[in-house]
Each structure stands twice: as structure tokens, then as C-alpha cells.
Protein chains: 2
Amino acid sequence: MKTQQTAEGVARPAGRPRSEKAERSIIEATLELLGEGIGVSELSIESIASRAGVGKTTIYRRWSNKEDLVVDALATLKPPIPLPQGGTVRDDLVTYLRVIQEEASHHRTRCIMNIAMSDSERHPRLAERFRELTVEPRRAVVAAVLRRGMETGELRADLDIDMALALLSGAVIWLTKWSHPGESHADIPERIVDEALKGFRPRPSEP
Amino acid sequence: MKTQQTAEGVARPAGRPRSEKAERSIIEATLELLGEGIGVSELSIESIASRAGVGKTTIYRRWSNKEDLVVDALATLKPPIPLPQGGTVRDDLVTYLRVIQEEASHHRTRCIMNIAMSDSERHPRLAERFRELTVEPRRAVVAAVLRRGMETGELRADLDIDMALALLSGAVIWLTKWSHPGESHADIPERIVDEALKGFRPRPSEP
């Protein structure tokens, strides 16, 4: 079997599987360091390499800079949302909000996102690429649900889709963050969707 | 003039003004360190004292522990919101959302809040006291505006106040955080309130 000398000085077989394993270690090391409160500015390729147990060149072979690596690492925390099952608009919106709620209540995810994003103004490219990679595709899925509802008449034809998305998503995060510790969070998605839909549904004609 | 020997070994006049000045330096040093990405867990009274140019005892004379100091420091970033002027519900809500928007778009405030809150699960008392000191009083002000609207008939009598608050506040933060860099943010509060009010106003009776 052909082997190659890595930067770490460890002989290993060449090929995909090993490289995917290294990639996962690098991503995991990046998330770990962010999760320990190390901001993007202080994060170094050296520290990631050392934590992942790989050489710096292994990282540079895959990512040409730190921001791209951080974006890819963050994206693993925000996988694509499940595609709507084509049920009622209410059901599809509840499904979406449940994903947002799950993420907002997950300590590690929230912590890492906060730390990475608290630095995003010093790293505008990071925020922009993260938006393209994870926020926009999700927005497109939910926008399609809302648009379908506007076509079938379940929702007002003049609904402002961006506002509707902001009201729904923002409310979940707000309530998950600020509701009282003792309060149950189980039905937050349903409660938000039901309250919001009162405004999103077509209004009966004024008497 | 009566003087006293401080822990720093500097003779200074006793009394309020000097102590208020020290207090401000301590608060400012705490915010600075958080703003540099130092999480609550790593933050030490030593580092705050050193940054503020005071002795540790000066800090302990005022705050018995780190969490209390952090809460007081964070509270200076979230002053009480202006009391409603008793205009329309719409105007009062727009005024409130403008405060939230201003804070959400302020780099330093957001950065510091993110860092402090990313640690809040390791410091539950911090989050709880911060909620009591800043979140709850604001919630009470806006809840009073909504309740007044429900009484005057501007809003639906069955409006869920907590949900309404979450929809409004969450949407501002969401849009300030995720809207495209080029987009104007100027009318976000008005757009959110107008969209939300479509659902908050009484519905004309079904035909």
C-alpha cells in the first residue's frame, strides 16, 4: 500500500477515508476551541492543528484560510432543515420552528454561534459566507411554504414573507432565551405559529 | 481632609465621588474584558482590578462576587426603556423596537452580551439576575402598552401578551442580525409593528 509522510511525521495510507477522518477532526477541533470561548480573531490554525492532532499543512490543503474553516465548522451545526412534507402551512411552520428551537436550546450550539458571531463584524466575510451557506437555504425553504399558503389562500396574498420569517424565527429564539427557567418550552413552536397565523391568515372582509 | 490608605497603597480622600469614579472604572474594565472575548468563566477579579487600576479590595467592598459585578456591568448596556408617551399603541411599540434595534446593531453591546450570555448556563444565577434587573422591567413596560391597547379596543382582547412581545422583539433582533448587509435598517421597527399589528388588531366579524 502506498503511504505518505504527513506533516506530523506519521506514515499513513493515502486516500479519501483517512482524509475525511482528518477533516472531521479539524472541524471538531475548531468547534471545541470556539466552544471554549476562543473568538475567531484569537483562533489560530496552529491551535486547531494541535487540537485535531494533524499538521498545519493538512488544514491548509483543505482550507486556504481560517474564516472558511470556521464557516464550514459552523455550518455543521446548522444542517439544512427538513423539507416540508406538504401538510398544512401550520404543520410545516411548526416543523421549522422546532428545528430553530432545538438549536436555540442546545447549549453548545448556542455558545459556539454566539462566540463566532460576536466576532463577525471583525470578519464580515465569515458572516456573509455563513449566511449564504446556511441562512439563505433555510429562508428559501420556509419562504416556499409561505408562498404556497399565499397561493392556496391559507395565508393573506399580501403577506410580507421576510417579515413573517423574522417574526416566527425571532420569537422562538427570544422565548427560548428569555422565558423563565421553570416554564415548559414544549409547545413554544405551536403557540408562536398559532399566534402569528392570526395575522397571516386572510382577513374576512370588513363588515 | 480625612484620607485613607487604600489597598493600592495610594492615599486618597474618603467619600462618595472618588468611590463612584472607581465604580465606573471597574464597570468599564469588566465590559472591556468581556468585549475582548474573555468569557465570564475566565474573567477574574484580579484582571478587572488590574485593568481598572484599583485594588481587589476596592472591588470586593462593592461586589461580593464576580457574577454580581458582571450583572451590574451588563445592566449599564440595557438601561430602562423610555416610558411610553401615551400615543397610539403603534407609536409606543415602534419606540420600543427602536431601542431594541439600536442595541442589536451596536457592535460592542451585542458582542459583550453574546459573550456573557454564551456562558450563562455555567452561571445560571447571572442569567437570572440579569433577567430580573433588565429584561423583566422592560417586559412590564411593553406589556402595559399592549394591555392598554386591549382595553381601548386597538388590539384584540384575546392577544397573548408574551407571544406578542416575543414576536416583536425577536423579529427586530433577527432582522438586524440576518438581513443583507446592503439593506436599509431604518424602517425595520415600523415594518415589523405594521406587519404584527395586522394580527394583533381585532378582526372584523366573520362575514
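Residues numbered from 1 in each chain as written. Chains lettered and ligands numbered in written order. Predicted model: local features only at pLDDT ≥ 70, side-chain atom pairs only at ≥ 80, totals over all residues. Heavy atoms only, no water.

Peer 1: Give me the lowdown on empty space enclosed by the protein, citing residues and values where you can.
Peer 2: Picture a little ball the size of a water molecule; that probe, rolled over the atoms, points out where space is still empty. The tally for this structure, following the rule as stated, stands at six cavities of 30 Å³ or more. What lines the largest cavity is a set of 43 residues, and nearest its centre among them are Ile 173 and Lys 177 of chain A together with Asn 114, Ile 173 and Lys 177 of chain B. Elements with a contribution of two residues or more to the lining of the largest cavity: α5 (89-105), α6 (107-118), α7 (124-152) and α8 (161-178) of chain A together with α5 (89-105), α6 (107-118), α7 (124-152) and α8 (161-178) of chain B. A per-element tally of the lining of the largest cavity places α8 of chain A first, with seven residues. Grouping the amino acids of the lining of the largest cavity by side-chain chemistry returns 22 nonpolar, nine polar and twelve charged. (1 Å grid on protein atoms, 1.4 Å probe; cavity = no way out; pocket = protein on both sides within 12 Å on 5 of 7 lines; lining within 4 Å. Points joined across faces, edges and corners; volume = space filled by probe spheres on them. Helix = DSSP H or I, 4+ residues; strand = E, 2+ residues; numbered from the N terminus. Nonpolar A, V, L, I, M, F, W, Y, C, P; charged D, E, K, R; others polar.)

Peer 1: So what's going on with the relation of the copies chain B and chain A? Residues and values would help.
Peer 2: Once chain B is rotated about the relating axis by 180° and shifted along it by 0.0 Å, it coincides with chain A to within an RMSD of 0.0 Å. The transformation relating the two chain copies, once decomposed into turn and shift, fits a two-fold axis. Taking C-alpha positions as the reference, the residue of chain B nearest the rotation axis is Gly 199 of chain B, at 1.5 Å. Most of the interface of chain B is mirrored in chain A, where 100% of its interface residues again form contacts. (Least-squares fit on C-alpha atoms with pLDDT ≥ 70 in both. Contact = heavy atoms within 4.5 Å.)

Peer 1: Residue-level account of the side chain of Thr 176 of chain B, with values.
Peer 2: Residue and element names in this part refer to chain B. Its place among the elements puts Thr 176 in helix α8. Engagement of the side chain of Thr 176 in a polar contact is seen with the backbone oxygen of Val 172, the distance being 2.6 Å. Non-local contacts of Thr 176, meaning those with residues more than four positions away in its chain, are made with Gln 101, Ala 104, Ser 105, His 185 and Ile 188. (Polar contact = N/O pair within 3.5 Å; in protein donor to acceptor, adjacent residues only side chain to side chain.)

Peer 1: Residues and numbers for the environment of Pro 202 of chain A, please.
Peer 2: Tracing the sequence through the fold places Pro 202 of chain A in the segment after α9 (188-200). When its relative accessible area of 37% is taken as the criterion, Pro 202 of chain A is described as partly exposed. Between the alpha carbons of Pro 202 of chain A and Arg 156 of chain A there is a distance of 4.2 Å; along the sequence they are 46 residues apart. Once residues within four sequence positions are removed from consideration, Pro 202 of chain A is found in contact with Gly 153, Glu 154, Leu 155 and Arg 156 of chain A together with Arg 203 of chain B. (Buried < 20%, exposed > 50% of the residue type's maximum accessible area, 1.4 Å probe, protein only.)

Peer 1: I'd like a description of the UniProt feature "DNA-binding region" (unreviewed entry) in chain A, backed by residues and values.
Peer 2: The feature "DNA-binding region" (unreviewed entry), as annotated in UniProt, sits at residues 44-63 of chain A in this numbering. Secondary structure content for residues 44-63 of chain A is 75% helix and 0% strand, while the C-alpha to C-alpha distance between its ends is 13 Å. (UniProt positions renumbered as here; feature names shortened; annotations may be inferred.)

Peer 1: Mind laying out the side chain of Asp 92 of chain A, listing which residues take part and the relevant values?
Peer 2: All names here are of chain A. Mapped onto the fold, Asp 92 is located in helix α5. Classification of Asp 92 as buried rests on a relative accessible area of 8%. Side-chain polar atoms of Asp 92 contact the side chain of Arg 148, separated by 3.2 Å. Filtering out sequence-adjacent residues up to four positions away, Asp 92 remains in contact with Pro 84, Gln 85, Gly 86, Gly 87, Val 145 and Arg 148.

Peer 1: Summarise the packing of α5 of chain A against α7 of chain A; cite the residues concerned and give the values.
Peer 2: If you want to describe how two helices pack, look at the angle between their axes and the distance between the axes. Residues and elements named next belong to chain A. Direction vectors running N to C along α5 and α7 enclose 160°, while the axes themselves pass 9 Å from each other. One finds that α5 runs roughly antiparallel with respect to α7. For the element pair α5 and α7, the recorded crossing hand is left-handed. Only Arg 138, Val 142, Val 145, Leu 146, Arg 148 and Gly 149 of α7 make contact with α5, whose side of the interface consists of Val 89, Asp 92, Leu 93, Tyr 96, Val 99, Ile 100 and Glu 103. For the contact of α5 with α7, the class distribution of residues is eight nonpolar, one polar and four charged. (Axes fitted to C-alpha atoms, helices over the stretch in contact; angles between N-to-C directions. Parallel < 35°, antiparallel > 145°, perpendicular 65-115°, else oblique. Left-handed = near helix turned anticlockwise from the far one by under 90°.)

Peer 1: Now, about the interface of chain B and chain A: what can you tell me, with residues and values included?
Peer 2: In this complex, chain B contributes 54 residues to the contact, which on the side of chain A involves 54 residues. Summing both sides of the interface, chain B and chain A together bury roughly 4,800 Å²; the carbon and sulfur share of this comes to 57%. Counting across the interface, chain B meets chain A through four salt bridges. Close ionic contact of Arg 191 of chain A with Asp 160 of chain B constitutes a salt bridge, the shortest N to O distance being 3.1 Å. Summed over the shared surface of chain B and chain A, the number is four residue pairs in polar contact (both at pLDDT 80 or more). Elements with a contribution of two residues or more to the side of chain B that touches chain A: α6, α7, α8 and α9 (188-200) of chain B. Among the elements that make up the side of chain B that touches chain A, the one with the highest residue count is α8 of chain B (14 residues). The residue inventory of the side of chain B that touches chain A, partitioned by class, reads 23 nonpolar, twelve polar and 19 charged. (Buried area = accessible area lost by both parts, 1.4 Å probe. Salt bridge = Lys/Arg side-chain N within 4 Å of Asp/Glu carboxyl O.)

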